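Below, each chain spelled out in residue letters.
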Amino acid sequence: PPEDKWAFNIQPYLAGKSKIPAEKSIVEIVPIQDLRQVTITWPIVFSSKEERELYRLNKPDYFVASLLGHEGAGSLLSYLKEQRWANALGASDNADLSDFGTFEVTVELTPKGLNAIDDVCEAIFSYIQMMKTNPIPNYVFDENLQLDELEWRFTTKGQPTNYVQSLVTAMDKFPPSLYIAGPRRVALLETPTTLISSDQPRTSFKSNEQREILKSASTDLINRLTVDNSFLTVFSKSFEGQTTQNEEWYGTAYNVKPVSMSALMRWKNPGSFPLFYPRQNIFIPSEKGLKVNKKPKKVDQKALTFEEKIKPIPPPTIIRDDGDEGRWTVHFKEDDRFGKPKAFLIFQLLTDELYSSPTKAVLGMLYQQSAGDKMNEETYDARLAGLTYDSQVLPRGVRLTFGGYNDKLGSFAAYVSSKLARNLDDSLPKDEEEFERYKDNLLRALSAFNVKEPYGHAIYYSSLTMQPRNFVYSNQQMVAALKETSLPELVDYVKTLWASGKGEALLQGNINKKEALDIVASIDKTLAFKTITPEQYPKRLKALPLPARGSDRAVTRLSISEPNPSNKNAASQITLQCLQTSEKAHVLIEIISAIIEEPLFNELRTKQQLGYIVSSGVKGVDQSRFLAAIVQSNVAPAEKLTSSILKFLDTVRDKLILPLNSVDIELYVKGLVDKRLEPDKQLAVEVTRNWSEIATGRFQFDRLQAEVAALLDISKDDILEFWDELYNSDSSRMLVTEIVPRTGQSSSKEPALSGSGKTL
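As the structure is a prediction and not an experimental result, all values here were calculated from the model.

Each value, and the rule that gives it
- Counting of residues starts from 1 at the beginning of each chain's written sequence and follows it residue by residue.
- Per-residue local features are limited, in this predicted model, to residues with pLDDT of at least 70; the limit for side-chain atom pairs, both in listing and counting, is 80 or more; totals at the level of whole chains, interfaces and linings are taken over all residues.
- Calculation of side-chain values draws on the structure's entire complement of heavy atoms; hydrogens and water are dropped beforehand.
- Only runs of H or I of at least four residues qualify as helices and only runs of E of at least two qualify as strands under DSSP, and these elements are numbered from the N terminus.
- Both definitions apply: the radius of gyration is a C-alpha atom measure, and the globule rule equals 2.2 Å times residues to the power 0.38.
- Summary of the burial criterion: residues with accessible area below 20% of their type's maximum are buried, those above 50% are exposed, and those between are partly exposed, where the area comes from a 1.4 Å probe applied to protein chains only.
- Should any heavy atoms of two residues lie within 4.5 Å, those residues are counted as being in contact.
- Only the protein chains shown count as cover for residues, and all accessible areas are computed by the Shrake-Rupley method using a 1.4 Å probe.
- Charge counting treats Lys and Arg as positive and Asp and Glu as negative, with His and both chain ends excluded.
- Throughout, a charge is located at the NZ atom of Lys, the CZ atom of Arg, the CG atom of Asp or the CD atom of Glu.
- Only the contacting stretch of a helix is used when fitting its axis, a line to C-alpha atoms as for every element, and angles between N-to-C directions run 0 to 180 degrees.
- Should the near helix be turned anticlockwise from the far one by less than a right angle, the crossing is left-handed, and should it be turned clockwise, the crossing is right-handed.
- Asp, Glu, Lys and Arg are counted as charged, while Ala, Val, Leu, Ile, Met, Phe, Trp, Tyr, Cys and Pro are counted as nonpolar; the rest, among them Gly, fall into the polar class.
- Residues form patches when they are more than 30% accessible in relative terms and have no salt bridge. Like charges link within 9 Å. Nonpolar side chains (Val, Leu, Ile, Met, Phe, Trp, Tyr) link within 5 Å.
- When a carboxyl oxygen of Asp or Glu is within 4 Å of a side-chain nitrogen of Lys or Arg, the pair counts as a salt bridge.
- Here the expected length of a helix is defined as 1.5 Å per residue gap, with one fewer gap than residues.
- In this analysis, strands are considered paired if DSSP registers two or more bridges between them.
- Orientation is classified from the angle alone, with under 35 degrees giving roughly parallel, over 145 giving roughly antiparallel, 65 to 115 giving roughly perpendicular, and any other angle giving oblique.
- As a per-residue measure, pLDDT reflects the predictor's confidence and takes values from 0 up to 100.

Caption draft 1: Quick peek at the overall build of the chain. The helix and strand tally for the chain stands at 23 helices and 21 strands. Compactness check: the chain gives a C-alpha radius of gyration of 29 Å against a globular reference of 27 Å for 760 residues, within 12% of the reference. Projecting the C-alpha coordinates of the chain onto the three principal axes gives extents of approximately 80 × 65 × 60 Å. Taking all 760 residues of the chain together, the buried fraction comes to 49%. Considering only intrachain contacts with a sequence separation of at least 6, the fraction spanning at least 24 residues in the chain is 80%. Total accessible area on the chain is roughly 35,700 Å²; 52% of this is exposed by carbon and sulfur atoms. Of the charged side chains in the chain, 92 are positive and 99 negative; the average position of the first set lies 1 Å away from that of the second.

Caption draft 2: Expanded view of the environment of Val-398. For Val-398, the location among the structural elements is in strand 14 (residues 397-405). Look at Val-398 and you get buried, because its relative accessible area is 1%. Between the C-alpha atoms of Val-398 and Leu-487, which are 89 residues apart in sequence, the distance is 20 Å. Those residues within four positions of Val-398 in sequence are excluded, and the remaining contacts are Phe-347, Gln-348, Leu-349, Leu-354, Gln-392, Val-393, Leu-497 and Trp-498.

Caption draft 3: Quick look at the packing of helix 11 (residues 358-384) against helix 13 (residues 432-447). The N-to-C vectors of helix 11 and helix 13 enclose an angle of 115°; their axes lie 10 Å apart at closest approach. When you trace helix 11 past helix 13, the crossing you get is right-handed. The residues of helix 13 that touch helix 11, namely those facing Val-362, Met-365, Leu-366, Gln-369, Ser-370, Asp-373 and Lys-374, are Glu-434, Phe-435, Arg-437, Tyr-438, Lys-439, Asn-441, Leu-442 and Leu-446. Across the contact of helix 11 with helix 13, the residue classes tally to seven nonpolar, three polar and five charged.

Caption draft 4: Seen up close, a negative patch on the surface. Together, Asp-321, Asp-324, Glu-325 and Glu-535 give the surface a local cluster of negative charge. Within the secondary structure, Asp-321 is located in strand 10 (residues 317-321).

Caption draft 5: Molecular detail of helix 12 (residues 409-421). Between its first and last C-alpha atoms helix 12 spans 18 Å; for 13 residues at 1.5 Å apiece the expected length is 18 Å, and the two agree. Every buried residue belonging to helix 12 is among Leu-409, Phe-412, Ala-413, Val-416, Ser-417, Lys-419, Leu-420 and Ala-421, and all of these are buried. As for helix 12, its buried residues are in contact with strand 12 (342-350), helix 11, strand 13 (388-394), strand 14 and helix 17 (513-527).

Caption draft 6: Structural view of the sheet that holds strand 20 (residues 624-633). In space, the five strands of this open sheet follow the order 17-21-18-20-19, with mixed pairing throughout. Edge positions in the open sheet fall to strand 17 (556-561) and strand 19 (613-621), since each of these has one partner strand only. Averaged over all pairs of adjacent strands, the angle between their axes in this sheet comes to 15°, without regard to strand direction. Inspection of the sheet shows strand 19 paired to strand 20 by nine bridges, in the antiparallel sense. Its bridge partner being in strand 20, Ser-615 is matched across the sheet by Ile-630. In this fold helix 18 (residues 583-607) packs onto strand 18 (570-578), strand 19 and strand 20, with an angle of close to 165° to the strand it touches most, strand 19. Contacts from helix 23 (residues 716-728) reach strand 18, strand 20 and strand 21 (733-740), with the element oriented near 125° to strand 18.

Caption draft 7: Quick peek at the pattern of salt bridges. Under the definition given, this model contains 53 salt bridges. The closest approach of N and O atoms between Asp-142 and Arg-211, which form a salt bridge, is 3.0 Å. Of the two residues, Asp-142 is situated in helix 6 (residues 138-153) and Arg-211 in helix 8 (residues 208-224); the sequence distance between them amounts to 69 residues. Here Glu-738 makes a salt bridge to Arg-557, at a shortest N to O gap of 2.8 Å. One end of the pair, Glu-738, is in strand 21; the other, Arg-557, is in strand 17, with 181 residues separating them in the sequence. Through salt bridges with shared partners, a single ionic network connects Lys-81, Asp-373, Lys-374, Glu-434 and Arg-437.

Caption draft 8: Expanded view of the sheet that holds strand 3 (residues 86-96). An order of 3-4-2-7-1-9-8 is seen for the seven strands of this open sheet, with the pairing classed as mixed. The open sheet terminates on both sides in strands that have one partner only, identified here as strand 3 and strand 8 (245-246). Across eight bridges, strand 3 lies against strand 4 (residues 100-109) in antiparallel orientation. Residue pairing for strand 4: Asp-93 is matched across the bridge by Phe-103. Against the sheet, helix 5 (residues 117-133) makes contact with strand 2 (36-45), strand 4 and strand 7 (231-236), and its axis sits at roughly 40° relative to strand 2, the strand it touches most.

Caption draft 9: How the structure looks around a nonpolar patch on the surface. Taken together, the side chains of Trp-6, Ile-10, Leu-14 and Leu-97 define a hydrophobic patch exposed on the protein surface, amounting to about 330 Å² of accessible area. Residue position: Trp-6 is located in the segment before strand 1 (25-29).

Caption draft 10: Structural detail: the packing of helix 12 against helix 17. One can describe the packing of helix 12 onto helix 17 by two numbers: an axis separation of 9 Å at closest approach and a directional angle of 10°. Taken together, helix 12 and helix 17 sit at an angle that is classed as roughly parallel. Residues Gly-410, Ala-413, Ala-414, Ser-417, Ser-418 and Ala-421 of helix 12 pack against Ile-519, Ser-522, Ile-523, Thr-526 and Leu-527 of helix 17. Considered class by class, the residues forming the contact of helix 12 with helix 17 number six nonpolar, five polar and no charged.

Caption draft 11: Examining the confidence of the model for the chain more closely. In the predicted model, the chain carries a mean pLDDT of 93, and the fraction of residues at 70 or more is 99%. When pLDDT is averaged over each helix and strand of the chain, the minimum, 87, is found for helix 10 (residues 306-309) and the maximum, 98, for strand 11 (residues 328-334).

Caption draft 12: Examining the environment of Pro-21 more closely. By the element assignment, Pro-21 lies in the segment before strand 1. When the C-alpha atoms of Pro-21 and Met-265 are compared, they prove to be 19 Å apart, with 244 residues separating the residues in sequence.

Caption draft 13: Fine view of the pairing of strand 12. Here strand 12 lies mainly inside the structure; seven of its nine residues are buried. Pairing between strand 12 and strand 14: nine bridges, direction antiparallel. Paired with Ile-346 across the bridge in strand 14 is Thr-401. With eight bridges connecting them, strand 12 and strand 15 (residues 500-509) associate as antiparallel partners. Note on strand 15: the bridge partner recorded for Ala-343 is Gly-509.

Caption draft 14: Layout of the environment of Pro-468. Tracing the sequence through the fold places Pro-468 in the loop between helix 14 (454-465) and helix 15 (475-484). A C-alpha to C-alpha distance of 7.5 Å links Pro-468 and Leu-541, two positions 73 residues apart in sequence. Dropping the residues within four chain positions of it, Pro-468 is found in contact with Leu-541, Lys-542 and Leu-544.

Written as structure tokens, this is what we have:
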């Protein structure tokens, strides 16, 4: 292998030979997005192949990162947030090469933190000093093993390509017996010379000796995390115009300078900080709590007949219906398909008051950020133990979603709901400074829109055009509204969140009907909202119809100046809207998409070489569907891209559809049928599909099977007739969205309404 020439012979970051010296230096980088971030990096250099292999087997970085990256009470992040210096923190390994790796701690900084980097680093080195002087408790290693083994025990199926890639990588890093377990488990040594030999999940270490192996390896890693062996990387827009160097390949502006002697001395002798090890995790499920209520039947998918494959999956049933003017409609399904001790709980309070203007939309986003940040410390242990929650303010109300091991899921949901709905002060900024921190975070996130690729902007503006007001607002509207918001407005807004509405819920997984009803009763008591009448229900999402082209073949066009002045790419997306709601129409547009996908790429990318990004596909807004073709180019203006896409679409009928024979059509149909009949690999997939039917009010839980039936009845004449209606008729609905760069070979005349997103 090539690395044999340098591995274990040439040290990384050699002075005079490396562009970035590793020891006691700061690299200041100007990012594209508005980032504020500091990373401390430690090169972990190995002296031999044996030492490298032992490090991979022991994974000390896993345990050390779990402490430095902890987010609960007494954690490094908790302290940094208290000082208003940080928004987030992460710790992990990074580079993983033959003879060295790197360990990193990264802090996302506030504006105040950017001016206090020396203080932030001192706190990090103080935590490291604590790990050196105070032995890490045994329960830290025990709990990390338990949590890792829970994930191993109840892992869900993923994509085959990802699995193959992980196996290939593991074959280069682990012995054959650990090709599967190596990347996924910790404590891979039972004794200093013996590998684990069983794939059975563990609830504890096999012996004290096995734990001591990991403690010793972790201590060795901690001892390597010194001030003298570290360097800093700082990202900030504030460095613009102050850098002296440019990176060779991408032209990134940066500086390299030494850390000041005063900072080095502080970090080597850090002060005393209110930092301590994590408390024991009470949310780790018990063995009794991991019992599966209904064992799934083993089914050989290959042995099933087609009729058996298209049999609808039993849908959720309504177990509580308080009527249109009542409190709740509750849907429930006890899992008997996946055999995991997990469940999902989804609660939505329907109201039209929370998203009725851009100001209310950004207040909802600020609330989500504030509540998430405030709850982070209290729920971190639960998240480590596989429990999750999410609160979202949406156009039709506010939604709470909980998931994970069902053992303690109900009590977790009750606790979080109480914090969010009753103790409102616990989820709000405590002062103006904290409010401004959340506001800054959101403003930077919204501003990041401007540096997206032009094709992303084309997709965004196309989607915006087809969605009604009060469901989505433009990025410009949101930014303008955010700049005017105040803390008193947020306080008043949050008081209305849980005040009134109509409750909808779905509880699905390893829980029974009584447990589900008890959980709903608990949540209902906590939320204590006033009911509304059906006339007060928020409207459901309906796609805005594009204008029909008519006999003059007119086209609705958006021409928008690229928001990022340094991006020299043009983009064009052509959208064909189908307002038909039948299963037949939905599968026909997917067949059309499958027919044109490869020829479109071959013509515009391979032959005409207009750009690297050439794609097509189908998306939906409620019951409508639209077919989109998009091209991004740095060699042709947007008008040329539009013309080329239209010329291609003009040939679809004669060149792509008319030549189809029955076998061709059967292959397209089979591909779409197989996709729909592919068994769900995870409970979350079925839950998401069921909730989509409930939230949209369609309740067509057998949608996939109905679409399979429609596919089996498709003929060539159906395809031709549908394409003529979609593209060639006077009633066809087309939107052209062009993103025009301001400079470069692809630039053209600047649009009259630059970046406005309005129809011209």
